[in-house]
Amino acid sequence: MDEKGILARIDEYVSEEQRLRERYRRDELGREEEHRRLAELEVALDQCWDLLRRRRARLEAGEDPGDPGVRPPDEVEGYLQ
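Residues numbered from 1 in each chain as written. Predicted model: local features only at pLDDT ≥ 70, side-chain atom pairs only at ≥ 80, totals over all residues. Heavy atoms only, no water.

J.: Whenever I open this one, the overall build of the protein confuses me. Can you help?
T.: From N to C terminus, the protein includes three helices and zero strands. Seen in sequence order, the protein has helices and strands lined up from the N terminus as α-α-α. Here the C-alpha atoms of the protein give a radius of gyration of 15 Å, more than 25% beyond the 12 Å that 2.2 N^0.38 yields for 81 residues. For the protein, the spread of C-alpha atoms along the three principal axes comes to 50 × 25 × 20 Å. Look at the contacts in the protein between residues 6 or more apart in sequence, and 52% of them connect residues 24 or more apart. Accessible surface for the protein amounts to roughly 5800 Å². Of this, 46% is attributable to carbon and sulfur atoms. Distance between charge centres in the protein, computed from 16 positive and 23 negative side chains, equals 2 Å. (Helix = DSSP H or I, 4+ residues; strand = E, 2+ residues; numbered from the N terminus. Rg over C-alpha atoms; globule rule 2.2 N^0.38 Å. Contact = heavy atoms within 4.5 Å. Areas by Shrake-Rupley, 256 points an atom, 1.4 Å probe, with all protein chains shown as cover. Lys, Arg positive; Asp, Glu negative; His and termini not counted. Charge placed at Lys NZ, Arg CZ, Asp CG, Glu CD.)

As structure tokens, this is what we get:
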């Protein structure tokens, strides 16, 4: 996936997050379902941001960004910020 594709996916996930929160406010979605899906989106967003950072780091180092691949959730969720 190239940078534009990663950014598009991030935008999709952020939009879905906003829709979920709105549905919850309108009582169209239960709290449990909202939390479950938001947790999934958080992991997916972390994976996208990680992928984007690694691609950009490769470019800055003069390397081919290629497709470094998406890291597993337990790896990206274990980072300290």
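J.: Help me out: how do you make sense of the nonpolar core in this one?
T.: Within soluble globular proteins, side chains that are nonpolar tend to cluster in buried spots. Residues Ile 6, Ile 10, Tyr 13, Leu 20, Leu 29, Leu 38, Leu 41, Ala 44, Leu 45, Cys 48, Leu 51 and Leu 52 constitute the largest nonpolar core, which totals twelve residues. Only helix H1 (3–25) and helix H2 (31–60) provide two or more residues apiece to this core. It is H2 that contributes the most residues to this core, seven residues altogether. In this structure Leu 41 touches Tyr 13, Glu 16, Glu 17 and Leu 20, once residues within four positions along its chain are discounted. (Core = buried A, V, L, I, M, F, W, Y, C linked by side-chain atoms within 4.5 Å. Buried < 20%, exposed > 50% of the residue type's maximum accessible area, 1.4 Å probe, protein only.)

J.: What should I look at first to understand the pattern of salt bridges in this one?
T.: It is possible for side chains bearing opposite charge to pair when their charged atoms get close. Taken as a whole and assessed by the stated rule, the structure comprises 13 salt bridges. Across the salt bridge formed by Arg 26 and Glu 28, the nearest N and O atoms sit 3.0 Å from each other. A relative accessible area of 44% means that Arg 26 is categorised as partly exposed. Residues joined by salt bridges that share partners form a network here, namely Glu 16, Glu 33, Arg 36, Arg 37 and Glu 40. (Salt bridge = Lys/Arg side-chain N within 4 Å of Asp/Glu carboxyl O.)

J.: Help me understand the environment of Glu 22 in this model?
T.: Along the polypeptide, Glu 22 turns up in helix H1. Residue Glu 22 is classed as partly exposed on the basis of its relative accessible area, which comes to 29%. In sequence terms Glu 22 and Leu 7 are 15 residues apart; their C-alpha atoms lie 23 Å from each other.

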